[in-house]
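Listed below, chain by chain, are the residues.
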Amino acid sequence: MAPVIEVTREALLERRRAILDDLGLTLEEYLARARASALSGREWDVRDDLDYIAFLLDESEFVD
Amino acid sequence: MSEHAALAAAQAFAAELTETVQGVLPGSPSFQAMLVVPPHVQVSVFDPTGKIAKLPLFISGEHVGDWRLSMSVNFDHSGEYLKVIRSAFTLMMAENDSIPLVRYEFDDLMRTAPIAHWQFHAERGAFSHLLGFARSAGKKVTPYSLSSLHFPVGGARMRPGVDDLLEFLVKECHFDTVETWRTSILASRDRYRRIQARTIARDMQEEVAATLVEAGWKVTPPETLPEAGSKFLTRW
């Protein structure tokens, strides 16, 4: 069986905050940049992380 | 399905991914299952900080590329079958440039772009020029970015599996492999396409039954046919 990593909602929210703080963007700003096809390399690097965090939090808005 | 069974199914899926990828590409780590509470489970390789890790790609032993695989899974409406809700495959240079070269995505919740699509992070002046006509006509396009286009690849049921993505890395990009690559890809493809065939059969029962009758089978319909198939038939 594959290893399991159990996380809390609070830990995921904190992880997302840290990712966005590092970029100097709010989530809304990040999503707007993605919609405009204007992500930089650093912003691309966290795209899948932001998506999986939203998925595990059972949110409905993902990066596109 | 109980939470325990849901987690066990996701763990088995992650273990299968590990076996397939390690059977194809050298230096591949193990996939893990991350969750808050089932049934939402994220299956990827994670680094110690929880970030989805880049997996190394080698040519003649030199680390020249990276790829990343993200699988978000839960269970279908019956609660019986593990279902990939979203997945993403990204290929990039190993150098310090995180802008993808190509990207494949599947998003079952997608409403605008095709559910399964490739995006090419490349430029072609003539294509930008062509899209410029649409922009001038007031259409919502970004001519400067070819990667903003989503190239459709068969919808939810006909989309490529992990086996196809791995074979792309091996045969088209010529990354190093381990000896078992061919049998690992074929085993993965056999599993994936059988699952897809069964899902299509559940969605398209009347068509499947008619085809089986034509082939000589005796088929007895249930009292009520489940309402399914419209998504398969209509979404791109």
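Shown above is the structure to which this text applies.
Everything numeric in this text was worked out from a predicted model, so none of it was measured.

Before we go on, may I ask you to explain unusual backbone geometry in this structure?
Excluding glycine, a negative phi dihedral is what most residues carry, and trans is how most peptide bonds are arranged. Residues and elements named next belong to chain B. Positive phi is not limited to glycine here, since S60 has a value of about 50 degrees. On the secondary structure map, S60 appears in the loop between β3 (55–59) and β4 (62–75). We note that H174 has phi near 65 degrees; this positive angle belongs to a residue other than glycine. With respect to the helices and strands, H174 occurs in the loop between α4 (162–172) and α5 (181–203). Owing to 11 C-beta atoms within 10 Å, H174 belongs among the exposed residues under this scheme.

Can you help me understand the packing of helix α1 (residues 9–23) of chain A against helix α4 (residues 47–56) of chain A in this one?
In helix packing, the relevant descriptors are the interaxial angle and the interaxial distance, both defined with respect to the helix axes. All names here are of chain A. Between α1 and α4, the least distance of the axes is 10 Å, while the angle of their chain directions is 155 degrees. Judged by the angle between their axes, α1 and α4 are roughly antiparallel. Where α1 crosses over α4, the two elements pack in a sense that is left-handed. In this structure, α1 uses L12, R15, R16 and I19 to contact α4, whose residues at the interface are D49, L50, I53 and L56.

Quick notes on the rules
Residues numbered from 1 in each chain as written. Chains lettered and ligands numbered in written order. Predicted model: local features only at pLDDT ≥ 70, side-chain atom pairs only at ≥ 80, totals over all residues. Helix = DSSP H or I, 4+ residues; strand = E, 2+ residues; numbered from the N terminus. Buried ≥ 20, exposed ≤ 12 C-beta atoms within 10 Å, placed from the backbone. Axes fitted to C-alpha atoms, helices over the stretch in contact; angles between N-to-C directions. Parallel < 35°, antiparallel > 145°, perpendicular 65-115°, else oblique. Left-handed = near helix turned anticlockwise from the far one by under 90°. Contact = placed C-beta atoms within 7 Å.

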